[in-house]
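# Inside the fold
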Amino acid sequence: MVRGITDNKKVPLLIYLSNSPIPDKETRKFSTEQLPKVYTAMAMVSKPGLAALIMNVLFKFRTPPIPMRDFADDKEAKEWLKQFL
């Protein structure tokens, strides 16, 4: 869906995290494979510590396939993502 919206161009991603269950192993594997095909970078906005916890679980044994960073507010996240346009 995203590739259709962006005309197949990779774009940065801004997500807002909330307390939600950790994805299962197959979902984590699929996400890791698909992220670099669709996105240039990902900024996560959440309560302090939540994004870091999720990143540690998702990428426990490998570095993330794209640049990722967590933020407490979306203004800083948007500024950081501009370099990946």
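Residues numbered from 1 in each chain as written. Predicted model: local features only at pLDDT ≥ 70, side-chain atom pairs only at ≥ 80, totals over all residues. Heavy atoms only, no water.

### A word on the packing of aromatic side chains
Per the counting criterion, the structure on display carries two aromatic pairs. Plain terms: the ring middles of Phe71 and Trp80 are 5.8 Å apart, the flat faces sit at 50° to each other, and that makes the pair tilted. For Phe71, a relative accessible area of 5% puts it in the buried group. An aromatic cluster of at least three residues, connected via ring pairs, comprises Phe71, Trp80 and Phe84. (Phe/Tyr/Trp six-rings, centres within 6.5 Å; stacked < 30°, edge-to-face > 60°. Buried < 20%, exposed > 50% of the residue type's maximum accessible area, 1.4 Å probe, protein only.)

### Things to note about the sheet that holds strand E1 (residues 11–16)
Consider a sheet: its strands pair through backbone hydrogen bonds, and that pairing is either parallel or antiparallel. Reading across from one edge, E1-E2-E3 is the order of the three strands in this open sheet, with parallel pairing throughout. Looking along the sheet, the strands with just one partner apiece sit at the ends: E1 and strand E3 (68–71). Neighbour to neighbour, the strand axes of the sheet diverge by 20° on average, direction disregarded. Judged from the four bridges that link them, strand E2 (residues 39–45) and E3 form a sheet pairing that is parallel. Paired with Met44 across the strands is Asp70, a residue of E3. (Pairing = 2+ DSSP bridges. Helix = DSSP H or I, 4+ residues; strand = E, 2+ residues; numbered from the N terminus. Axes fitted to C-alpha atoms, helices over the stretch in contact; angles between N-to-C directions.)

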